[in-house]
Amino acid sequence: MRKLTGKDLVVASHNQGKVREIGELIAPYGLTARSAADLGLAEPEETGVTFEENAYIKAYAAASATSLPSLADDSGLCVTALDSAPGVYTADWAERADGTRDFAYAMQKVEDKLLERGAFEPDQRGAMFVATLCLCWPDGHAEYFRGEVHGELIWPPMGTQGFGYDPVFKPEGESRTFGEMSAEEKHGWKPGGGEPLSHRARAFAKFATACLGEAGR
Ligand code: IMP
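Residues numbered from 1 in each chain as written. Predicted model: local features only at pLDDT ≥ 70, side-chain atom pairs only at ≥ 80, totals over all residues. Heavy atoms only, no water.

Undergrad: Report on the sheet that holds strand β4 (residues 126-136), specifying residues and quantitative values.
TA: Strand-to-strand pairing in sheets goes through backbone hydrogen bonds, with the strands running parallel or antiparallel. Spatial strand order, β2-β1-β3-β4-β5-β6: 6 strands in an open sheet with mixed pairing. For this open sheet the edge positions go to β2 (32-35) and β6 (169-171), each flanked by a neighbour on one side alone. Neighbour to neighbour, the strand axes of the sheet diverge by 35 degrees on average, direction disregarded. Taken together, the 4 bridges between strand β1 (residues 8-11) and β2 define a ladder with parallel strand orientation. Following the sheet pairing, valine 11 is matched in β2 by serine 35. Against the sheet, helix α1 (residues 16-26) makes contact with β1, β2 and β3 (70-79), and its axis sits at roughly 120 degrees relative to β3, the strand it touches most. Seen against the sheet, helix α2 (residues 51-66) touches β1, β3, β4 and β5 (142-153) and runs at an angle of roughly 160 degrees to β3. (Pairing = 2+ DSSP bridges. Helix = DSSP H or I, 4+ residues; strand = E, 2+ residues; numbered from the N terminus. Axes fitted to C-alpha atoms, helices over the stretch in contact; angles between N-to-C directions. Contact = heavy atoms within 4.5 Å.)

Undergrad: Pulling in residues and values, what's your account of the side chain of serine 70?
TA: Within the secondary structure, serine 70 sits in strand β3. From its side chain, serine 70 meets the backbone nitrogen of alanine 63 in a polar contact 3.2 Å long. The contacts of serine 70, once residues within four sequence positions are left out, are Leu9, Val10, Ala12, Ala59, Ala62, Ala63, Cys134, Leu135 and Cys136. (Polar contact = N/O pair within 3.5 Å; in protein donor to acceptor, adjacent residues only side chain to side chain.)

Undergrad: I'd like to hear about the side chain of arginine 125, residue by residue, with values.
TA: Mapped onto the elements, arginine 125 comes out in the loop between α3 (103-116) and β4. Within the local environment of arginine 125, its side chain forms a polar contact with the backbone oxygen of alanine 119, the two atoms lying 3.0 Å apart. What arginine 125 contacts, discounting residues up to four positions off in sequence, is Glu111, Leu114, Leu115, Ala119, Phe120, Gly151, Glu152, Leu153, Ile154 and Trp155.

This is the structure:
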């Protein structure tokens, strides 16, 4: 496992919600995170069919353009009753005809498909969020870290915090959606530690242990 030695890290994402969350997760380690959008990097086409492939495409594009280690997150929502869709196409489901992304529209699409399948009861509405982090160096070497969180899709959407599909996702064992949680609650940061909550915080904890040493939270 290759370690991260310098303090500079490029966050290979143009998604503001993800960049904000990765920035929050990185902050306790004293790393300086610079986003691909701030650096003016082009957004590569995500042509992979797995979270790992798409994470590599984004991380390698940023690492080779900047000559700095780059961290990408490829993530999505996998709905059991929809045969794990939208999966790697989670962001695409939000796309409108004019090319803009609209997550109210995307959440409604998931809900309509659940209803078409007769998924009315909580135990028919299971889903998980997956996040795969890829840390890639300019020479192409890559390390991967995956986090998952299981839960249930609720309707109507609740809460205005977070981003993307957060207002319809209620993690197992919680009474509120991610959209109703503060950033600290969604990460699962509690006094005294314990397992993180969100898929991204879980993947990040593996990345931190493997590549950053013991410093930080
Ligand atoms: P991609 O990784 O850029 O392909 O996009 C993944 C999509 O999954 C995002 O655009 C979000 O809509 C959704 N997603 C990923 N993580 C989260 C999360 O933590 N909350 C809500 N939606 C998420």
